[in-house]
Amino acid sequence: MTHPGSHDSQTQSHPPERLLAYLTEAKRILIMGHQNPDGDAMGSALALCLALRSERREVTVGYSGTFPTSLGFLTEGKDFIVPVAFCPELAQRHDLLVLVDCLAAFRVWPEAENQPPESLPPVVAIDHHADRSPNHALVTYVNHRASATAELVFKVIEALGAEFTPQIVEALLTALMSDTGSFSQGNSTAECLRQASLLVSMGGDIEHINDYLKRNWSITRMRLFTETLSTIDLHQGGRLATMILTQKMLDQTGSCLAEAEGLVEYPLLLTGVDMVAFFKVNGHGQTRVSLRSRPGVDVRELARAHGGGGHKQAAAYQDDSPHPEVAMEKLLTKLGALPRAGKSA
Ligand SMILES: [Mn+2]
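Residues numbered from 1 in each chain as written. Predicted model: local features only at pLDDT ≥ 70, side-chain atom pairs only at ≥ 80, totals over all residues.

Caption draft 1: Spatial organisation of the nonpolar core. Counting residues in hydrophobic clusters, the biggest one holds 66 residues, and the most contacted among them are I31, A45, A47, L48, L99, V153 and L172. Top element by residues in this core is helix α2 (residues 39-52). It accounts for ten residues. Apart from residues lying up to four places away in sequence, A45 is in contact with I31, M32, G33, V61 and V100. By size, the runner-up hydrophobic cluster in this structure holds 27 residues, among which are M243, M275, V276 and A303. (Core = buried A, V, L, I, M, F, W, Y, C linked by C-beta atoms within 7 Å. Buried ≥ 20, exposed ≤ 12 C-beta atoms within 10 Å, placed from the backbone. Helix = DSSP H or I, 4+ residues; strand = E, 2+ residues; numbered from the N terminus. Contact = placed C-beta atoms within 7 Å.)

Caption draft 2: Looking closely at the pairing of strand β1 (residues 28-33). Burial of β1 is extensive: five of the six residues sit out of reach of the surface. With five bridges connecting them, β1 and strand β2 (residues 58-63) associate as parallel partners. Its bridge partner being in β2, L30 is matched across the sheet by T60. Note that the unit made of β1, α2 and β2 has a crossover that is right-handed. As paired elements, β1 and strand β4 (residues 96-100) share five bridges and run parallel to each other. In the strand pairing of β4, I29 is matched with L96. (Pairing = 2+ DSSP bridges. Right-handed = clockwise from strand over helix to strand, strands pointing away.)

Caption draft 3: Quick look at the packing of α2 against helix α6 (residues 166-180). One can describe the packing of α2 onto α6 by two numbers: an axis separation of 8 Å at closest approach and a directional angle of 160°. Viewed along their axes, α2 and α6 adopt a mutual orientation that is roughly antiparallel. Between α2 and α6 lies a crossing of left-handed hand. In contact with G39, D40, G43, S44, L46, A47, L50 and A51 of α2, α6 contributes Q167, I168, A171, L172, T174, A175, S178 and D179. Each residue belonging to the contact of α2 with α6 can be placed in one class, and the counts come to eight nonpolar, six polar and two charged. (Axes fitted to C-alpha atoms, helices over the stretch in contact; angles between N-to-C directions. Parallel < 35°, antiparallel > 145°, perpendicular 65-115°, else oblique. Left-handed = near helix turned anticlockwise from the far one by under 90°. Nonpolar A, V, L, I, M, F, W, Y, C, P; charged D, E, K, R; others polar.)

Caption draft 4: Expanded view of α6. Here α6 spans 21 Å end to end across 15 residues, near enough to the 21 Å set by a 1.5 Å rise per residue. Extensive coverage of α6 is indicated by the burial of 13 of its 15 residues. Immediately beyond the C-terminal end of α6, within one or two residues, lies G181, with a positive phi of roughly 60°. (Expected span 1.5 Å × (residues − 1).)

Caption draft 5: Representation of unusual backbone geometry within the structure. One non-glycine residue, D101, lies in the positive phi region at around 65°. When you line up the elements, D101 lands in the loop between β4 and β5 (123-127). For S182, which is not glycine, the phi torsion reads 50° and is therefore positive. Topologically, S182 is positioned in the loop between α6 and α7 (190-201).

Given below as structure tokens:
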């Protein structure tokens, strides 16, 4: 619960002492990002893992779902990064579960929703999303003004007094670049750039990371983009762009959902487009609706109204229909006129 003018639990500027105590004392730690981790989730988990690993304890990075192949340069050859399913043994195998880039276990494993806290090890969480859904975390470190979870992990590593090794530098810089469009988006805050500057001075190589994040495409991904971009439609006098990705398109191009990463940003390249709604199959018989907007149009509220969440300029929700076209019709029918886009939301 937060009150206007009082301490806001969603904008903690420094890691809580209790979080540092858990991280220091636990012996068998599992670190996980949200399901289908992106560059921030994976980079943050990896950086924290590398900072915590030592001879006297076991630290694992787990993931659920898939992650973009473009992150292979970070994860390759690291046998402590493994897929981890939700199972009854989790609580026995680990004495601490650290969630990064999400606050609740059901963001990692949907089946963990409504499970008793005993089904998991003690949980702590580090995140930059304004997510107020219930979680079982003993302590959270949240700042929704942070550009990336990596910004918070940077401060945790600093507070722990751990060394910023070349691998940690690479993981953190990748995470920051991944969540800020390589420092081109509005969330590239002064703090984010200050950390980026330090990481570069420690040997971080932006050009090298950018090469991995932005290039190295498979031909199936290129075909998937071609197909999906051809579904762009304009509404509301060209201010709203919609786009669709169906199972058939995945099958015909021989691509997988992970390869759709980044697609949602493209319609915003169009002159006059203030908001994008991207309807894509989610692999579980529903449609994921990803929203993007220019400052002045708040898509977080729209996502929340549909049971989702996110940031003002990037949010998402789930629609129960297995057909993206149906989810699109539903939104178009309900959506009123977009507010005027301006300089700030
Ligand atoms: Mn993030």
